[in-house]
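Structural characterization, general
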Amino acid sequence: MLDPVGLLRKLGHAAVERVWRLGFAARFFWVVLMYSGASFRRLPLTLREIYFSGVLSLLIILVSGLFVGLVLGLQGYEILQRFGSTEALGTLVALSLTRELGPVLAAIFFASRAGSSVTAEIGLMKATEQLKAMDMMAVNPIARVVAPRFWGGVISMPLLAAIFSAMGVLGGWLIGVVFIGVDDGSYWSQMQSSVDFRFDVWNGIVKSFVFGVAVSLIAVFEGYDSVPTAEGVSRAITRTVVTSVLAVLALDFVLTSFMFRGTS
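The structure contained in this document is the topic of the report that follows. (Residues numbered from 1 in each chain as written. Predicted model: local features only at pLDDT ≥ 70, side-chain atom pairs only at ≥ 80, totals over all residues. Heavy atoms only, no water.)

As a further point, take the overall build of the chain. A tally of helices and strands in the chain yields ten helices and zero strands. Taken from the N to the C terminus, the helices and strands of the chain come in the order α-α-α-α-α-α-α-α-α-α. Based on the C-alpha atoms only, the size of the chain along its principal axes is roughly 65 × 60 × 35 Å. When the 264 residues of the chain are sorted by exposure, 42% land in the buried category. Residue pairs in contact within the chain that sit at least 24 positions apart in sequence constitute 84% of those at least 6 positions apart. Counting only carbon and sulfur atoms, one obtains 70% of the accessible surface of the chain, whose full area is about 14,000 Å². (Helix = DSSP H or I, 4+ residues; strand = E, 2+ residues; numbered from the N terminus. Buried < 20%, exposed > 50% of the residue type's maximum accessible area, 1.4 Å probe, protein only. Contact = heavy atoms within 4.5 Å. Areas by Shrake-Rupley, 256 points an atom, 1.4 Å probe, with all protein chains shown as cover.)

Below you can see the structure in the form of structure tokens.
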């Protein structure tokens, strides 16, 4: 028999827990920002995390960006051919990548590869009590462990998104110009005349930076807040990927509604 009081109590408990967790994440974000100066004073730590989050993610970014460009070029040519506008293929590929697909897909791949690894690393350090050992030795774990990983992801994300978009444009050129036979000059000239730095490229950079902050914060927070067991760390990794993907898609809608309002 359905117990409405018990169901209402469970819903209320779940809502309170989510609000409390959101507040704790906001406070955690503020503490990370407070100790960011200490992490930058230890520059090798941040550079190591940029290498871990950025350089080691290059392979998946390069390969996925190339294939996304190939698909965009092939599908775009089929659509534009119906209207006799195949010379606009470069514009379609470049705008799709710089405005939307580049930042969004790069952030999703970044969360799947680097974000999950950061969560696992911090979660395992918590499970093996390395964070407590640092605290006992008067070493702040936020400044030593969390902040460098956070800023490593924030700095790496715009660079990875730019590389993803560049590889996508190259993939569109390969399928459109080399294999299908679209005019090479039309592909590049239409792209250069249609892509605006302020409304397209710059807004894509802003998006990728915001996505980098969101994904990096979720990754370090889930790792730091994970239950110090093998099951708890695995659940934290799952929450990192799922929450990061949903956050990227939601933020993309919000940013797009403000950035491209009234632009052509």
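Over its 31 residues, helix H1 (residues 4–34) extends 45 Å from the first C-alpha to the last, a length consistent with the 45 Å expected when each residue adds 1.5 Å. Of all the positions in H1, only Gly6, Ala25, Phe28, Val31 and Val32 are classed as buried. (Expected span 1.5 Å × (residues − 1).)

The next thing to look at is the packing of H1 against helix H9 (residues 197–224). Two elements in contact, H1 and H9, have axes separated by 11 Å at closest approach and are oriented at 110 degrees. In terms of orientation, H1 and H9 fall into the roughly perpendicular class. Counted together, Arg21, Phe24, Ala25, Phe28 and Phe29 of H1 and Val213, Leu217, Val220, Phe221, Glu222 and Tyr224 of H9 form the full contact between these two elements. Residue composition of the contact of H1 with H9, grouped by class: nine nonpolar, no polar and two charged. (Axes fitted to C-alpha atoms, helices over the stretch in contact; angles between N-to-C directions. Parallel < 35°, antiparallel > 145°, perpendicular 65-115°, else oblique. Nonpolar A, V, L, I, M, F, W, Y, C, P; charged D, E, K, R; others polar.)

The next point concerns the pattern of salt bridges. Enumeration according to the criterion identifies ten salt bridges in this entry. For Arg235, the salt bridge is made with Glu231, and the minimal N-O distance between the two is 2.7 Å. Of this pair, Arg235 and Glu231 both sit in helix H10 (residues 230–259), four residues apart, roughly one helical turn. A relative accessible area of 47% places Glu231 in the partly exposed class. In this structure, a network of salt bridges that share partners links the residues Arg21, Glu222, Asp225 and Arg239. (Salt bridge = Lys/Arg side-chain N within 4 Å of Asp/Glu carboxyl O.)

Take unusual backbone geometry next. In this model, Glu129 sits at a positive phi of 65 degrees, which is unusual for a non-glycine residue. Here Glu129 shows up in the loop between helix H5 (89–127) and helix H6 (130–136). Its identity as a non-glycine residue notwithstanding, Ala138 has a phi of 65 degrees, on the positive side. Among the secondary structure elements, Ala138 is positioned in the loop between H6 and helix H7 (141–180).

As a further point, take the nonpolar core. One finds Leu89, Leu97, Tyr187 and Val248 to be the most contacted residues of the largest nonpolar core, which totals 31 residues. Going through the elements one at a time, helix H4 (58–82), H5, H7, helix H8 (184–194), H9 and H10 are the ones with two or more residues in this core. Grouped together as the second largest cluster of nonpolar side chains are 21 residues, Ala25, Ile122, Met125 and Val154 included. (Core = buried A, V, L, I, M, F, W, Y, C linked by side-chain atoms within 4.5 Å.)

This part covers the packing of aromatic side chains. Enumeration over the complete set of coordinates arrives at nine aromatic pairs. When the ring of Phe40 is compared with that of Trp151, the centres are 5.6 Å apart and the planes differ by 50 degrees; the resulting orientation is tilted. Of the two residues, Phe40 sits in helix H2 (residues 36–41) while Trp151 sits in helix H7, which places them 111 residues apart along the sequence. With 5.1 Å between their ring centres and 85 degrees between their planes, Tyr187 and Trp188 make a pair best called edge-to-face. Taken together, the ring pairs connect Trp20, Phe24, Phe28, Phe221 and Tyr224 into an aromatic cluster. Seen from the ring of Phe52, Arg113 lies directly overhead, with NZ or CZ sitting 5.0 Å from the centre. (Phe/Tyr/Trp six-rings, centres within 6.5 Å; stacked < 30°, edge-to-face > 60°. Lys NZ or Arg CZ within 6 Å of the ring centre and 35° of its normal.)

Let's shift gears to the packing of helix H3 (residues 43–53) against H7. One can describe the packing of H3 onto H7 by two numbers: an axis separation of 8 Å at closest approach and a directional angle of 50 degrees. Between H3 and H7, the angle falls in the class oblique. Crossing handedness for the pair H3 and H7: right-handed. Across the interface between the two elements, Leu45, Thr46, Arg48, Glu49, Ile50 and Ser53 of H3 pack against Arg144, Pro148, Arg149, Trp151, Gly152, Gly153, Ile155, Ser156 and Leu160 of H7. Its residues placed into classes, the contact of H3 with H7 shows six nonpolar, five polar and four charged. (Left-handed = near helix turned anticlockwise from the far one by under 90°.)

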